[in-house]
Amino acid sequence: MESVKWAHCQKQIAAAIALGSNLGDSLKILEGALSILAKTPGIELKQTSSWYRTAPIGPPQPDYLNGCAVLETPMAPLLLLETLLDVERQFGRERRERWGPRTLDLDLILFGDLILEKPQLHIPHPRMRERAFVLIPLAEIAPDWVDPLTQKSIAQLRDAVNCSGVARLE
């Protein structure tokens, strides 16, 4: 069955993911998630951003630690999403409340220059353009990546959002 999932993939594609955590030992969780992804067959971890402390969106909750990573993979987007969700589950992620606190959040932000609208996955991520906690770390490692919907670079998108409430960890 696994070979069938891989049969649809023909070349390595760059994918950008956003990572976040605000429950438990967030730094350890985020580093652990990157370690698991780096050891996952079919995923090559190419770049990681710094970690940023960010104010939460949604109900009252602790601040988040956020960052981004660029991967290369031959996986199809939905298989990569399944892989990310599996890593979330390994760290105890439970989906109870939209924008609620979480041990780990892994979002697929970009997948090459693909535009995809499926019920379970939208690429580019539909809210990335308004989220400084995604754009700041992503611009650190992929400033020239172009959003296929707006044709603006990640750096341009970052420059257009309010970046207050996002502070790089020292």
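Residues numbered from 1 in each chain as written. Predicted model: local features only at pLDDT ≥ 70, side-chain atom pairs only at ≥ 80, totals over all residues. Heavy atoms only, no water.

*Asks:* Lay out the environment of Arg102 with the relevant residues and their values.
*Replies:* Note that Arg102 resides in the loop between helix H3 (77-90) and strand S5 (105-111). For Arg102, a relative accessible area of 9% puts it in the buried group. Expressed as a C-alpha distance, the spacing of Arg102 and Leu23, which sit 79 residues apart in the sequence, is 5.5 Å. (Helix = DSSP H or I, 4+ residues; strand = E, 2+ residues; numbered from the N terminus. Buried < 20%, exposed > 50% of the residue type's maximum accessible area, 1.4 Å probe, protein only.)

*Asks:* Explain the nonpolar core to me, using residue names and the numbers behind them.
*Replies:* With 26 residues, the main nonpolar core has Ile17, Leu19, Leu80, Leu84, Leu104 and Leu108 as its most contacted residues. Elements with a minimum of two residues in this core: strand S1 (13-21), helix H2 (26-39), strand S4 (64-73), H3, S5 and strand S7 (121-123). Look past the residues within four positions of Leu84 in its chain and what remains in contact with it is Ile17, Leu37, Leu106, Asp107 and Leu108. (Core = buried A, V, L, I, M, F, W, Y, C linked by side-chain atoms within 4.5 Å. Contact = heavy atoms within 4.5 Å.)

*Asks:* Residue-level account of unusual backbone geometry, with values.
*Replies:* The residue after Ile123, namely Pro124, is reached through a cis peptide bond having omega -5°. Here Pro124 shows up in the loop between S7 and helix H4 (132-141). A positive phi angle, near 65°, is found at Gln151, a position not held by glycine. Tracing the chain through its elements places Gln151 in the loop between H4 and helix H5 (154-159). The exposed category is assigned to Gln151, whose relative accessible area is 55%.

*Asks:* So what's going on with the environment of Ala69? Residues and values would help.
*Replies:* Among the secondary structure elements, Ala69 is positioned in strand S4. As for Ala69 and Ile109, which are separated by 40 residues in sequence, their C-alpha atoms are 9.9 Å apart. Residues contacting Ala69, with those up to four places away along its chain left out, are Ala15, Ala16, Ile17, Leu19, Leu34, Leu45, Gln47, Thr48 and Ile141.

*Asks:* Break down H4 for me, with residues and values.
*Replies:* Burial of H4 is extensive: nine of the 10 residues sit out of reach of the surface. Listed in full, the buried residues belonging to H4 are Ala132, Phe133, Val134, Leu135, Ile136, Pro137, Leu138, Ala139 and Ile141.

*Asks:* Tell me about the pattern of salt bridges, residues and numbers included.
*Replies:* A full pass over the atoms with the stated rule returns four salt bridges. Salt-bridge contacts for Asp105 lead to Arg102; the nearest nitrogen and oxygen are separated by 3.0 Å. Among the residues examined, Asp105 registers a relative accessible area of 13% and is labelled buried. Two residues, Arg158 and Asp159, come together in a salt bridge whose shortest N-O distance is 3.0 Å. (Salt bridge = Lys/Arg side-chain N within 4 Å of Asp/Glu carboxyl O.)

*Asks:* Hey, could you go over the packing of H2 against H3 for me, with residue numbers and the actual values?
*Replies:* Viewed as axis vectors pointing N to C, H2 and H3 meet at an angle of 135°, and their least axial separation amounts to 10 Å. Considered as vectors, H2 and H3 are oriented oblique to each other. Handedness of the H2/H3 crossing: right-handed. On the side of H2, the interface is formed by Ala33, Ile36 and Leu37, while H3 contributes Leu84, Val87 and Gln90. Here the residues of the contact of H2 with H3 are counted per class, giving five nonpolar, one polar and no charged. (Axes fitted to C-alpha atoms, helices over the stretch in contact; angles between N-to-C directions. Parallel < 35°, antiparallel > 145°, perpendicular 65-115°, else oblique. Left-handed = near helix turned anticlockwise from the far one by under 90°. Nonpolar A, V, L, I, M, F, W, Y, C, P; charged D, E, K, R; others polar.)

*Asks:* Any details on the confidence of the model for the chain? Residues and values, ideally.
*Replies:* Per-residue pLDDT for the chain averages 90, and the proportion of residues at 70 or more is 89%. Here residues 1-8 is a poorly scored stretch, pLDDT under 50, and it has eight contacts once near neighbours within four places are set aside; other chains count. (pLDDT = per-residue confidence, 0-100.)

*Asks:* Hey, could you go over the pairing of S1 for me, with residue numbers and the actual values?
*Replies:* Of all the nine residues making up S1, seven are buried; the element is thus mostly covered by neighbouring parts of the structure. Where S1 and S4 come together, nine bridges link them in antiparallel fashion. Bridged to Leu19 within S4 is Gly67. Pairing analysis gives six bridges linking S1 to S5, with the strands arranged antiparallel. Directly across from Ile17, in S5, lies its bridge partner Leu108. (Pairing = 2+ DSSP bridges.)

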